[in-house]
Amino acid sequence: MSLRKSHELHQRRFSRNVGVGLTLAAFIVIIFGLTIVKVSGTDFNLATQEVRN
């Protein structure tokens, strides 16, 4: 427990760190989503050919 008031520099640094953390989390979610789509491997060209036949 700190008895001193935190400096304005620490508040700005904390908000910057939160922004970087959220950006990193969004990037990880996008990469994870792309990986899931690629691994699922649904070939939409074959699916449309089956519907036409």
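Heads up: the structure comes first, above all this text.
No experiment lies behind these values; they were computed from the predicted model shown.

### Some words on the overall build of the chain
Of the regular secondary structure elements, the chain holds 2 helices and 0 strands. Residue burial in the chain is summarised as follows: out of 53 residues, 0% are buried. Here the chain has roughly 5,500 Å² of accessible surface; of this, 66% comes from carbon and sulfur atoms.

### What to know about helix α1 (residues 8-40)
In a regular helix each residue adds 1.5 Å, so 33 residues correspond to 48 Å; α1 covers 48 Å between its end C-alpha atoms and thus fits that length. Just past α1, the residue G41 takes up positive phi, approximately 65°.

### A closer look at the pattern of salt bridges
Within this structure, the stated rule accounts for 1 salt bridge. In this structure, E8 engages R12 in a salt bridge whose closest nitrogen and oxygen atoms are separated by 3.1 Å. You can see E8 and its partner R12 sitting in helix α1, 4 residues apart, about one turn around the helix. In this structure E8 comes out as partly exposed when scored by relative accessible area, which is 47%.

### Quick look at a nonpolar patch on the surface
A cluster of nonpolar residues, L24, F27, I28, I30, I31 and L34, forms a patch on the protein surface that exposes about 610 Å² of accessible area. Mapped onto the elements, I28 comes out in helix α1.

Reading the values: rules and limits
- Residues numbered from 1 in each chain as written.
- Predicted model: local features only at pLDDT ≥ 70, side-chain atom pairs only at ≥ 80, totals over all residues.
- Heavy atoms only, no water.
- Helix = DSSP H or I, 4+ residues; strand = E, 2+ residues; numbered from the N terminus.
- Buried < 20%, exposed > 50% of the residue type's maximum accessible area, 1.4 Å probe, protein only.
- Areas by Shrake-Rupley, 256 points an atom, 1.4 Å probe, with all protein chains shown as cover.
- Expected span 1.5 Å × (residues − 1).
- Salt bridge = Lys/Arg side-chain N within 4 Å of Asp/Glu carboxyl O.
- Patch = residues over 30% accessible without salt bridge, like charges linked within 9 Å, V, L, I, M, F, W, Y side chains within 5 Å.

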